[in-house]
Amino acid sequence: MGWHRMGDRNAPFFDYPRVAREAGIAQDDLEKLVRVVYTLYEGDDMLASLHVLRTCRAVRDGHCAIREAIEEWRAEAEGQEWHQE
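Description of the structure in this document. (Residues numbered from 1 in each chain as written. Predicted model: local features only at pLDDT ≥ 70, side-chain atom pairs only at ≥ 80, totals over all residues. Heavy atoms only, no water.)

## Side note on the nonpolar core
Within the largest apolar cluster, 19 residues are counted, with the highest numbers of intra-cluster contacts made by Tyr 16, Ile 25, Leu 30, Leu 33, Val 37, Val 52 and Cys 56. For this core, the elements supplying multiple residues, two or more each, are α1 (16-23), α2 (27-40), α3 (45-60) and α4 (66-77). When near neighbours in sequence (up to four residues on either side) are disregarded, Leu 33 contacts Val 52, Thr 55, Cys 56, Ile 66, Ile 70 and Trp 73. (Core = buried A, V, L, I, M, F, W, Y, C linked by side-chain atoms within 4.5 Å. Buried < 20%, exposed > 50% of the residue type's maximum accessible area, 1.4 Å probe, protein only. Helix = DSSP H or I, 4+ residues; strand = E, 2+ residues; numbered from the N terminus. Contact = heavy atoms within 4.5 Å.)

## Overview of the environment of Val 52
Structurally, Val 52 is set in helix α3. The class for Val 52 is buried, based on a relative accessible area of 0%. Along the chain, Val 52 and Val 19 lie 33 residues apart, while their C-alpha atoms are 9.8 Å from each other. Discounting chain neighbours no more than four positions away, the residues touching Val 52 are Tyr 16, Leu 30, Leu 33, Val 34, Val 37 and Tyr 38.

Here you go:
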């Protein structure tokens, strides 16, 4: 999921793994994020990869915490409005 169709099949469309490392996002949290975003954008791997990248950048730049971002994406995927407590 989220891999180039040409060239290196092990590379995502966008380099979100590098940004996730820069942000200090744990691998299991990154996997949760990827799973929920790719489920929401099933069939559009490029857009899903872009959203994962943008979320990782937001975490890296201090705009949100990874767990909050995952919960927000889950709520969107489930069609619910997300409220921060």
